[in-house]
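Geometric and topological summary
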Amino acid sequence: MAISKFNYNSFNVTPVASKALAFNSDADGFTTASGSSMILIKTLTASSSGTLSFVNGSSDVVLDDTYPVYKFEFINMHPQTNDKGLQVNVSIDTGSNYNVAKTTTFFRAYHYEHGNEGGLAYQTGHDLAQGTGFQDFTEGGISNDNDCSLSGEFFLFSPSNTTFVKHFMGKFNLIKSAAGGVSINSFVAGYANTTSAVDAVQFKMNAGNIDAGKIKLYGISD
Amino acid sequence: MALSKADVNNINVTAVASKAIQWNSAADGFEVGTLGGSMVLLTTATASGSANLTFDSSIDSTFDSYVFKFINIHPSASASFTVNFRDGSTAYDATKTTSYFRAYHQENAGGGVLAFDSFELNQSTAFQDLSGDSVITDNDSGISGTLQLFGPSSTTFIKHFMANINSIKAGSPPEMKDSYTAGYCNVTAAIDGVQFKFDSGNIDSGIIKMYGIV
């Protein structure tokens, strides 16, 4: 039968917030431990939102040297206005400005529901060359039909590093606003050309609000 | 500062290296458990001359997305590796529109091409080809990769999915193929099952793991 006399600070280990109590590798003592290497940090849910921002140190967001890699997952991002696309920018001043210079690539595969057209190509209109504006995740806009959306993932590497530029990569699937419906599979990659620490990331539609959808921030540990 | 009251042998469970201590299901004692995290292993399916590998439970609103990992999927006969989704009935026949492209390179240095290819679907209920061609059956060859399904339990939105697999195309010389498939199940009904199979023959061996992403 279990003995019910131990409180959280009764164990021979220093408590660490949000960590688990585990047996050590020799099974002869205790240690603190994390679960898998992918840790959910923050979920933001859009509700007619102009932007969704993840700012280090604000609202429980961690975006610093705690993790070497950060991952964002996008679940059914829905634009309030038809034919608007999701975008990203980063900040080096905890969200006061989202205007870091970026050089990026963008390509996508597409295929229409009617089956008469599909292809794969680089899209010169959606890349950046030292641009400080927001980076597109989509070619064209997402349909705002009730059942249409964008889902995908976006990785940011070592944002707090003050030696190197900051690489990022994302891939997405969406339904483009177009006659007949189009599946777009887009791939975005590049770097924020700064040696300052990136400490905030912001997502928005290129016009209008984010009507609905979730963005989840994960830290991926060593 | 931690107090040194309780040592490892003061807990009424058998210590297991690197395992966590958790309350039991009755919340009246402790037990040993696996450490949690945001990527939770739900099911491991191991093929052995299997006609298909089917995941027909645990796909619900518990997680926002589900990830399938393919580890050395080996066919009994040269065939294409495919997927389909269940949207409310017992059949794996959700309507899908998809895109497909691949890079390939042959063992004799031929190829080296990146292009869209005609393995996409348009409003089709058929199985989606993930390998793009029939794969080789050599004993040392298999398919590995991943597929992610987003928001399967939503009854508002269509269901996006994205896959990336490596395979070896049957033929001479063997051809390394890096396939990218993406699209959506064009249904608002919940997706509650996913099935993988070759378009002919069996899955001789291999493992598919399904994870829920918290």
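Just above sits the structure.
The rules we used
Counting from 1, residues in each chain are numbered in the order their sequence is written. Going through the entries in the order they are written, you letter the chains from A and number the ligands from 1. Owing to the predicted nature of the model, reporting of local features is limited to residues with pLDDT of at least 70; listing and counting of side-chain atom pairs is limited to 80 or more, with chain, interface and lining totals taken over all residues. Water and hydrogen atoms play no part in the side-chain values, which are based on all heavy atoms of the structure. The criterion for strand pairing is that DSSP finds at least two bridges linking the strands in question. Helix and strand assignments come from DSSP, with helices taken as H or I runs of at least 4 residues and strands as E runs of at least 2, each series counted from the N terminus. Axes here refer to lines fitted to C-alpha atoms; in helices the fit is confined to the stretch in contact. Angles between the N-to-C directions go from 0 to 180 degrees. With a 1.4 Å probe rolled over the protein chains alone, any residue whose accessible area is under 20% of its type maximum counts as buried; one over 50% counts as exposed, and the rest are partly exposed. As used in this structure description, the phrase polar contact means that two N or O atoms lie within 3.5 Å; if the pair is within protein, one of them must be able to donate a hydrogen and the other to accept it, and residues adjacent in sequence are counted only when both atoms belong to side chains. Stacked, edge-to-face and tilted are the three classes for Phe, Tyr and Trp ring pairs, Trp counted by its six-membered ring, which pair at centre distances within 6.5 Å; planes under 30 degrees apart are stacked, over 60 edge-to-face, the rest tilted. Whether a charge sits over a ring depends on NZ of Lys or CZ of Arg being within 6 Å of the ring centre and within 35 degrees of the ring normal. Contacts: residue pairs with any heavy atoms within 4.5 Å of one another. As used here, buried area is the combined drop in accessible area, with a 1.4 Å probe, of two parts when they are placed together. Within this document, salt bridges are pairs made up of a side-chain nitrogen of Lys or Arg and a carboxyl oxygen of Asp or Glu, the two lying within 4 Å of each other.

Right, let's talk about the sheet that holds strand S8 (residues 111–116) of chain B for a bit. Residues and elements named next belong to chain B. With respect to topology, eight strands assemble into an open sheet ordered S3-S14-S5-S10-S11-S12-S7-S8, the strand pairing being antiparallel. The open sheet terminates on both sides in strands that have one partner only, identified here as strand S3 (39–50) and S8. Pairwise comparison of adjacent strand axes, ignoring direction, gives a mean angle of 15° for this sheet. In this sheet, strand S11 (residues 159–169) lies alongside strand S10 (residues 143–150) in antiparallel orientation, the contact comprising six bridges. Looking across to S11, one finds that Gln148 is bridged to Met162.

Next up on the list: the side chain of Ser154 of chain B. All names here are of chain B. When you line up the elements, Ser154 lands in the loop between S10 and S11. Residue classification places Ser154 among the buried residues on the basis of a relative accessible area of 17%. Among the polar contacts listed, one links the side chain of Ser154 to the backbone nitrogen of Thr156, at a separation of 3.1 Å.

Residues and elements named next belong to chain A. According to the stated counting rule, one finds 31 aromatic pairs over all chains in the structure shown. For the pair Phe54 and Phe72, a centre-to-centre distance of 5.3 Å together with 65° between the ring planes defines the contact as edge-to-face. Separated by 18 residues along the polypeptide, Phe54 in strand S4 (residues 52–55) and Phe72 in strand S5 (residues 69–79) bring together distant segments of the chain. Taking the relative accessible area as the measure of exposure, Phe54 reaches 0% and is therefore buried. Look at Phe72 and you get buried, because its relative accessible area is 0%. Between the NZ or CZ atom of Lys204 and the centre of the ring of Phe134, over which it lies, the distance is 4.4 Å.

Residues and elements named next belong to chain B. Taken together, the eleven bridges between S11 and strand S12 (residues 175–185) define a ladder with antiparallel strand orientation. Of the residues in S12, the one forming a bridge with Asn164 is Tyr180. Between S11 and S12, which pair antiparallel and follow one another directly, the connecting turn spans five residues, one of which, Gly171, has a positive phi of 135°.

The extent of an interface is frequently quoted as the accessible surface area lost upon association of the parts. In this complex, chain B contributes 59 residues to the contact, which on the side of chain A involves 66 residues. Summing the contributions of chain B and of chain A, the shared interface buries around 4700 Å²; its carbon and sulfur component is 63%. Taken as a group, Phe157, His160 and Met162 of chain B account for 13% of the area that chain B buries against chain A, more than any other trio of residues on that side. There are two salt bridges connecting chain B and chain A.

Interpretation in functional terms is not warranted from these geometric data alone.
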